[in-house]
Amino acid sequence: MADLEDVQTVDLMSELLRRLKCAQKRDKRLIFIGPPGSGKGTQSPVVKDEYCLCHLSTGDMLRAAVAAKTPLGVKAKEAMDKGELVSDDLVVGIIDEAMNKPKCQKGFILDGFPRTVTQAEKLDEMLKKRGTEIDKVLNFAIDDSVLEERITGRWIHPSSGRSYHTKFAPPKTPGVDDITGEPLIQRKDDNAEVLRSRLAAFHSQTEPVINYYGKKSVLTNIHAEKAPQEVTAEVHKALSS
């Protein structure tokens, strides 16, 4: 843990002001559901900052728990080393652990979990023991054909990470980075065949989860095919209702 005496006063004050501002916000426990390329990754940081939430990605949390050698992390590593899937109970336990951190005091955004109804039920059980529940589930709904156009048109400049799109943000010269003139590449996953396989898995797994939260009256469908700014406005409207 950092020694506060070594932290610059301006940094301490800005963090204190941020926390005072956050203290006035209502707690929110959110789940973002959506297929790859639906824009969840674009909206998560905006919502996280606006509502003072922590962003909980189960993959990142598992890696962090394993690296920190927490009791749950040790169990997760044992499963991974055997080539087994980490159990739902372990993942929910790691989420439970993460919720104790100061940055999660006002709530969280869960991204990539739950993927099945069983996971959703286990998550609800854990939250109930804490005397709380999921406030809102945002389903980033988008047609598969729109996603295919979005994803298969992406091109990347590997060394800088600059991204282009053949239709929405094309480079000045096709296949070439605007700044360096170096060639652009496509990620291996950014092709129609891989995407269709991932979408089929997403729909078969996640449709029941969407229905589960729909019955609990906490689900809002977001029109994710719109421009990012319009999606942000729709998300804010959903979260303020």
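All values derive from a computational prediction rather than experimental measurement.

**Things to note about the state of the cysteines**
Part 1: Scanning the entire structure with this criterion turns up two disulfides.
Part 2: Covalent S-S linkage joins C22 and C52, the inter-sulfur distance amounting to 2.0 Å. Across the S-S bond linking C22 and C52, the dihedral sits near -80 degrees, which makes this disulfide left-handed. Here C22, found in helix α1 (residues 9-23), pairs with C52, found in the loop between α2 (40-51) and β2 (54-57); they are 30 residues apart in sequence, far enough to count as distant. The exposure classification of C22 matches that of C52, with both residues buried.

**Considering helix α5 (residues 88-98)**
Part 1: Along α5, the residues that are buried comprise L90, V91, V92, G93, I94, I95 and A98.
Part 2: Contacts made by the buried residues of α5 are with β2, α3 (58-68), α4 (71-81), β3 (107-111) and α6 (117-129).

**Description of the UniProt feature "domain: Adenylate kinase active site lid" (unreviewed entry) in the protein**
Part 1: Mapped onto the present numbering, the UniProt feature "domain: Adenylate kinase active site lid" (unreviewed entry) falls at residues 154-189.
Part 2: Secondary structure over residues 154-189 splits into 0% helix and 17% strand, and the C-alpha atoms at its two ends are 11 Å apart.

**Details of helix α9 (residues 228-240)**
Part 1: With 13 residues, α9 ought to run about 18 Å at 1.5 Å a step, and its terminal C-alpha atoms sit 18 Å apart, in line with that.
Part 2: Burial in α9 covers these residues: V231, T232, E234, V235, A238 and L239. With its buried residues spanning 165 degrees around the axis, α9 presents them on a single face. In α9, the exposed positions angled more than 90 degrees off the buried face are occupied by Q229, K237 and S240.

**Regarding the nonpolar core**
Part 1: Core analysis: the biggest nonpolar cluster contains 34 residues, and I31, L56, I95, F108, L110, L123 and Y213 have the highest contact counts within it.
Part 2: Counting only elements with at least two residues in this core, the list comes to β1 (28-33), β2, α3, α4, α5, β3, α6 and α8 (192-215).
Part 3: Of the residues forming this core, the biggest block, six residues, is contributed by α5.
Part 4: Listed in part, the 19 residues of the second largest apolar core include V47, I109, L195 and A238.

**Here we look at the packing of aromatic side chains**
Part 1: For the coordinates displayed, the defined rule picks out two aromatic pairs.
Part 2: Here the aromatic rings of Y212 and Y213 are separated by 5.1 Å at their centres, their planes lie at 80 degrees, and the arrangement is edge-to-face. Each member of the pair, Y212 as well as Y213, is classed as buried.

**Some thoughts on the pattern of salt bridges**
Part 1: Enumeration according to the criterion identifies 15 salt bridges in this entry.
Part 2: The closest approach of N and O atoms between K216 and D124, which form a salt bridge, is 3.5 Å. Of this pair, K216 sits in the loop between α8 and β7 (219-223) while D124 sits in helix α6, placing them 92 residues apart in sequence.
Part 3: Since its relative accessible area comes to 18%, D124 is described here as buried.
Part 4: Here R196 and E148 are joined by a salt bridge, their closest N and O atoms 2.9 Å apart. Residue R196 is located in helix α8, and its partner E148 is located in helix α7 (residues 144-152); the two are separated by 48 residues in the primary sequence.

The rules behind these values
Residues numbered from 1 in each chain as written. Predicted model: local features only at pLDDT ≥ 70, side-chain atom pairs only at ≥ 80, totals over all residues. Heavy atoms only, no water. Disulfide = S-S within 2.5 Å. Helix = DSSP H or I, 4+ residues; strand = E, 2+ residues; numbered from the N terminus. Buried < 20%, exposed > 50% of the residue type's maximum accessible area, 1.4 Å probe, protein only. Contact = heavy atoms within 4.5 Å. UniProt positions renumbered as here; feature names shortened; annotations may be inferred. Expected span 1.5 Å × (residues − 1). Arc of directions from axis to C-beta. Core = buried A, V, L, I, M, F, W, Y, C linked by side-chain atoms within 4.5 Å. Phe/Tyr/Trp six-rings, centres within 6.5 Å; stacked < 30°, edge-to-face > 60°. Salt bridge = Lys/Arg side-chain N within 4 Å of Asp/Glu carboxyl O.

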